[in-house]
Amino acid sequence: EPEVTQTPSHQVTQMGQEVILRCVPISNHLYFYWYRQILGQKVEFLVSFYNNEISEKSEIFDDQFSVERPDGSNFTLKIRSTKLEDSAMYFCASSGSFQETQYFGPGTRLLVL
Amino acid sequence: GNSVTQMEGPVTLSEEAFLTINCTYTATGYPSLFWYVQYPGEGLQLLLKATKADDKGSNKGFEATYRKETTSFHLEKGSVQVSDSAVYFCALTNQAGTALIFGKGTTLSVSS
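Residues numbered from 1 in each chain as written. Chains lettered and ligands numbered in written order. Predicted model: local features only at pLDDT ≥ 70, side-chain atom pairs only at ≥ 80, totals over all residues. Heavy atoms only, no water.

Draft legend 1. Fine view of the overall build of chain B. On a plain count of helices and strands, chain B comes out with zero helices and twelve strands. Shown N-terminal to C-terminal, the secondary structure of chain B runs as helices and strands in the order β-β-β-β-β-β-β-β-β-β-β-β. For 112 residues, the compact-globule formula gives about 13 Å, and the C-alpha radius of gyration of chain B, at 13 Å, lands near that figure. Projected onto the principal axes, the alpha-carbon positions of chain B cover approximately 45 × 25 × 20 Å. Sorting the 112 residues of chain B into buried and exposed places 46% on the buried side. Taking all contacts inside chain B whose residues are at least 6 apart in sequence as the whole, residues at least 24 apart take part in 55%. (Helix = DSSP H or I, 4+ residues; strand = E, 2+ residues; numbered from the N terminus. Rg over C-alpha atoms; globule rule 2.2 N^0.38 Å. Buried < 20%, exposed > 50% of the residue type's maximum accessible area, 1.4 Å probe, protein only. Contact = heavy atoms within 4.5 Å.)

Below is the structure:
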């Protein structure tokens, strides 16, 4: 069964450093998403992406965040200058269209020291 | 905007007990409704979904019915197992369908 994959599974970084989280969506999906889950809290939407453009972004997704589809298979989330409060589990998801089921990857656990 | 309210946990049950986890929503239009499950140390897995009023989603013995009149999507299972221990998230699509909005999650712990 096709699945969303994410790398790395864990990332530790120093405050102020840049990190890139990588995702490979399901191959025939065209809609991509990032969510995050701070430890013990609910899953929060960050951004949705379609046709090489951001479709929607939340208040959390400020100028330090960016997304990119650098090639036909990868979808990345870049955090330019990490802060302590960026420590969270970051989930990538993909779907065949908006309103269709979103399938989630296993997540990347980011720890900012 | 759309929002979802989920019953607070944790919920602690004995094996074979009946499970209900309440979920109510506020929405403009006709969102799709979902239950996702997160097993310890893992990511989010779709458990079931419903896309229109009166639809019943079901999977692995779990069921939920999209009730427009009560704006609810309660999760039920007739007989829980230890392996059902996990965090359960109710979610709905936003008005544009471009994002999922999640509830706070309910932790279920089942003992033998």
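Next, the rest of the story.
Draft legend 2. Representation of the packing of aromatic side chains within the structure. Overall, the coordinates contain 20 aromatic pairs over all chains when judged by the stated rule. Between phenylalanine 91 of chain A and phenylalanine 104 of chain A the ring centres are 6.4 Å apart and the planes differ by 80 degrees, which places this aromatic pair in the edge-to-face class. With phenylalanine 91 of chain A in strand S9 (residues 88-95) and phenylalanine 104 of chain A in strand S10 (residues 103-104), the pair connects residues that are 13 residues apart, well separated along the chain. Looking at phenylalanine 91 of chain A, the relative accessible area reads 0%, which means it is buried. Phenylalanine 104 of chain A sits in the buried class, given a relative accessible area of 10%. The structure contains a cluster of three or more aromatic residues connected by ring pairs, namely Tyr31, Tyr33, Tyr35, Phe45, Tyr50, Phe91, Phe98 and Phe104 of chain A together with Phe34, Tyr36, Phe89 and Phe102 of chain B. (Phe/Tyr/Trp six-rings, centres within 6.5 Å; stacked < 30°, edge-to-face > 60°.)

Draft legend 3. Spotlight on the pattern of salt bridges. Residues and elements named next belong to chain B. Across all of its chains, the model carries four salt bridges over all chains by this definition. Residue glutamate 63 is joined to lysine 56 by a salt bridge in which the shortest nitrogen-to-oxygen separation is 3.6 Å. According to the relative accessible area criterion, glutamate 63 is partly exposed, its value standing at 34%. For aspartate 84, the salt bridge goes to lysine 77, with nearest N and O atoms at 2.8 Å. With respect to burial, aspartate 84 and lysine 77 carry one shared label: buried. (Salt bridge = Lys/Arg side-chain N within 4 Å of Asp/Glu carboxyl O.)

Draft legend 4. View of the state of the cysteines. Scanning the model with the defined rule gives two disulfides over all chains in all. Two residues, cysteine 23 of chain A and cysteine 92 of chain A, share a disulfide whose sulfurs are 1.9 Å apart. Disulfide cysteine 23 of chain A-cysteine 92 of chain A: torsion about the S-S bond near -65 degrees, hence left-handed. Separated by 69 residues along the polypeptide, cysteine 23 of chain A in strand S3 (residues 19-24) and cysteine 92 of chain A in strand S9 bring together distant segments of the chain. Each member of the pair, cysteine 23 of chain A together with cysteine 92 of chain A, is buried. Two residues, cysteine 23 of chain B and cysteine 90 of chain B, share a disulfide whose sulfurs are 1.9 Å apart. Judged by the sign of its S-S torsion, about -65 degrees, the cystine formed by cysteine 23 of chain B and cysteine 90 of chain B is left-handed. Taken as a pair, cysteine 23 of chain B in strand S4 (residues 23-26) and cysteine 90 of chain B in strand S10 (residues 86-93) lie far apart in primary sequence, 67 residues in all. Accessibility classification places cysteine 23 of chain B together with cysteine 90 of chain B in one group, the buried group. (Disulfide = S-S within 2.5 Å.)

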